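Working through the structure, step by step
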Amino acid sequence: PLKALDEEVFEDMGQGPFDVVAVTDKPERAHALISSLKWPLRLRLLQPPPSGRPWRYRWFDTERYLLSYVTRLRKSGMGQRLVIYADAFDSAFLSCKRDLNKALEELRRPI
């Protein structure tokens, strides 16, 4: 079933060439990932609305929240947008400092 998402994630929909999303119950620990994207990109953290927090990440939350996000894009007429899922676990719990923007540039191909 689709999950309710924080409405903040839908602000400025369609901004940038594609969407980068992540699912984490510890957004304060995902600073490296959040700060590695350059404008107009921004990391959209898929999480429940404030009334549903705090919450604890469970199996299949990624799929549930990602499906909810893509469904909302389709209903908004943006079903053709590319959505890149970034695994926030590495940055939130394993202290990964990878610069996502740099990694995308190293592809040397337009996205």
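Above this text sits the structure in question.
Residues numbered from 1 in each chain as written. Predicted model: local features only at pLDDT ≥ 70, side-chain atom pairs only at ≥ 80, totals over all residues. Heavy atoms only, no water.

Notes on the environment of Thr62
How we decide: Elements are defined by DSSP. Helices are runs of H or I of four residues or more, strands are runs of E of two residues or more, and each kind is numbered from the N terminus. We call two residues in contact whenever any of their non-hydrogen atoms come within 4.5 Å of each other. Here a polar contact is taken to be a pair of N or O atoms separated by no more than 3.5 Å, where protein atoms must pair a possible hydrogen donor with a possible acceptor and residues adjacent in sequence count only if both atoms sit in side chains.
Relative to the helices and strands, Thr62 is located in helix α2 (residues 61-75). Considering only alpha carbons, one finds Thr62 and Ala22, 40 residues apart in sequence, at a separation of 7.9 Å. Ignoring any residue separated from it by four or fewer positions in sequence, one finds Thr62 in contact with Val23, Tyr57 and Tyr85. Among the polar contacts made by the side chain of Thr62, one reaches the side chain of Tyr85 at a distance of 3.4 Å.

Observations regarding the packing of aromatic side chains
So the rule is basically this: Aromatic pairing here means that ring centres of Phe, Tyr or Trp (its six-membered ring) are within 6.5 Å. Orientation follows from the plane angle: under 30 degrees is stacked, over 60 is edge-to-face, and everything else is tilted. Throughout, exposure labels follow a simple rule: accessible area from a 1.4 Å probe, protein chains only, divided by the maximum for the residue type, with under 20% read as buried, over 50% as exposed, and the rest as partly exposed.
Overall, the coordinates contain 1 aromatic pair when judged by the stated rule. With 5.7 Å between their ring centres and 15° between their planes, Phe10 and Tyr69 make a pair best called stacked. Of this pair, Phe10 sits in the segment before β1 (19-22) while Tyr69 sits in helix α2, placing them 59 residues apart in sequence. Per residue, the accessibility class of Phe10 equals that of Tyr69, and both read buried.

Regarding the side chain of Asp19
Locating Asp19 in the fold gives a position in strand β1. Given the relative accessible area of 2%, Asp19 is considered buried. Reaching out from Asp19, the side chain makes a polar contact with the side chain of Arg81 at a distance of 2.8 Å. The residues contacting Asp19, other than those within four sequence positions of it, are Arg44, Tyr69, Leu73, Arg81, Leu82, Val83 and Ile84.

Examining the side chain of Ser68
Of note, Ser68 is situated in helix α2. Among the residues examined, Ser68 registers a relative accessible area of 6% and is labelled buried.

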